[in-house]
Structures are given as structure tokens and as C-alpha cells.
Amino acid sequence: MTSSTLPAQHTTSSTLPAQHTTSPALPSQHATFVTPPLRLKLLLPTEVLIEQVIQKLIAESPHGSFCLRPRHQDWVTALVPGLLSFVDLQGQEHFVAVDEGHLVKCGDQVLVSCGRASISPSLGQVRQTVEQEFLQRDAREERAHAVLMRLEALFVQRFAKI
């Protein structure tokens, strides 16, 4: 059989229309996807300590350390006293000493709530900052607790006299 006697569906590629011989236009393989950054908010009982847009966050839960990046699944965890670090949009790493607390990640928001926290400009200064701020707070809390105990004792004594 010659090519002229073949049925139309068996024609050679040279006789196919141009649209079938070239591959269809594909979308750019180098398309860039912009991932929205994380929005960190660190809350203390009396103030908002940090409200910043970040690239990633590293913290410690009772089950170990973890890292959050944009598009990470939503979740909630307890935080143990330790170090929380985050990288801002300029690539600068920041360190925060945190007390027990909770972390909630929902969408692009990361909310951290803890009783005490202290920002340190560098990893080398974290220990010094923790000692200065947390130990001073502990001493104040001990004095306040002692005053409260005395007030309770006075209350019980006066109540017993009635």
C-alpha cells in the first residue's frame, strides 16, 4: 500500500495539519508563587510584646522543638519555658525567652500567649536577659506572695475572734 491509498486516519505526519505537529502552549514552568508571610503576635497579660511579619518561627513544645513556616498546617500547642526564635522578612533572626504558654497558628497568623517573655537582641545575651528580668520578677512575686500570706493570716485571726 502506498501512502496515497491509506485511509485518512492513517496519513503520515507530513500530511497532518500544523496544529497536531506542534505541542500546545504550556504555562510558564518558571512561574513564581508568592507565599504570604506569617504574622506573629506575642501576647503577655499586660501588653502585646511583638507584632511583626515573619518568615519562620522556631519554638519548643512538651513534645520537642518545631518550626513554623508559611502554609504550614493550622494547629495549637502548649509551649514550655525556653527560647522562641523568629526570622523577620529581612532575614534577621530574633530571640525571645518565654515562660509557659500557648501557640495558635491559624492561616497566616501565629498567636503566642505566655505569662512572661523577654526579647534579646542576640543569642549570647539571652541568658543575661533572662537572669535579669525573670529572676527580678520572681523576687517581686515572692515578696507579693509573702504579703498575701500575711493578709490571709490576719483575716483568719480576725475571723476567729468573731
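Cut-offs used in this document
Residues numbered from 1 in each chain as written. Predicted model: local features only at pLDDT ≥ 70, side-chain atom pairs only at ≥ 80, totals over all residues. Heavy atoms only, no water. Helix = DSSP H or I, 4+ residues; strand = E, 2+ residues; numbered from the N terminus. Buried < 20%, exposed > 50% of the residue type's maximum accessible area, 1.4 Å probe, protein only. Contact = heavy atoms within 4.5 Å. Areas by Shrake-Rupley, 256 points an atom, 1.4 Å probe, with all protein chains shown as cover. Polar contact = N/O pair within 3.5 Å; in protein donor to acceptor, adjacent residues only side chain to side chain. pLDDT = per-residue confidence, 0-100. Phe/Tyr/Trp six-rings, centres within 6.5 Å; stacked < 30°, edge-to-face > 60°. Core = buried A, V, L, I, M, F, W, Y, C linked by side-chain atoms within 4.5 Å. Salt bridge = Lys/Arg side-chain N within 4 Å of Asp/Glu carboxyl O.

Participant: In this structure, what is going on with the overall build of the chain? I would like to understand it.
Facilitator: Along the backbone of the chain there are 2 helices and 9 strands. In the chain, the succession of helices and strands from N to C terminus is α-β-β-β-β-β-β-β-β-β-α. Within the chain, the proportion of its 162 residues that are buried is 22%. Pairs at least 24 apart in sequence give 47% of the contacts found in the chain among residues at least 6 apart. Split by element, the accessible area of the chain, about 11,800 Å² in all, is 57% carbon and sulfur.

Participant: What is the right way to read the side chain of Lys105 from this model?
Facilitator: Secondary-structure assignment places Lys105 in strand β7 (residues 101–106). The class for Lys105 is buried, based on a relative accessible area of 2%. A distance of 2.9 Å separates a polar atom in the side chain of Lys105 from the backbone oxygen of His72. The contact partners of Lys105, leaving out residues within four places of it in the chain, are Leu38, Leu68, Arg69, His72, Gln73, Asp74, Trp75 and Val110.

Participant: Before we go on, may I ask you to explain the confidence of the model for the chain in this structure?
Facilitator: Note that predicted coordinates carrying low pLDDT should not be read in detail. Looking at the chain as a whole, the pLDDT averages 79, with 74% of positions reaching at least 70. Residue range residues 1–24 is modelled with pLDDT below 50. Its contacts to residues more than four positions away, or to other chains, number 4 contacts.

Participant: Explanation requested: the packing of aromatic side chains in the structure shown.
Facilitator: In this description, a pair of aromatic rings is defined by centroid distance and the angle of the planes. Applying the stated criterion to the full structure yields 1 aromatic pair. Judged by centre distance (4.9 Å) and plane angle (80°), the ring pair of Phe66 and Trp75 falls under edge-to-face. Under the relative-accessibility criterion, Trp75 is labelled partly exposed at 24%.

Participant: Just to check I follow, could you spell out the nonpolar core for this structure?
Facilitator: A general feature of soluble globular proteins is that nonpolar side chains tend to end up buried together. Counting 20 residues, the largest nonpolar core has Leu42 and Leu57 as the members making the most contacts within it. Contributing elements (two or more residues each) for this core: β1 (38–43), β2 (48–61), β3 (64–68), β5 (82–88), β6 (93–98) and β8 (109–114). Examining the composition of this core, we find that 4 residues originate from one element, β2, more than from any other.

Participant: When you look at the pattern of salt bridges in this model, what are you seeing that I'm missing?
Facilitator: Two side chains carrying opposite charge are able to pair once their charged atoms lie near each other. The full count for this structure, using the stated rule, is 4 salt bridges. A salt bridge links Asp74 to Lys105; the shortest N-O distance between them is 3.6 Å. With Asp74 in the loop between β3 and β4 (75–79) and Lys105 in strand β7, this residue pair connects regions lying 31 residues apart in the sequence. A relative accessible area of 44% places Asp74 in the partly exposed class.

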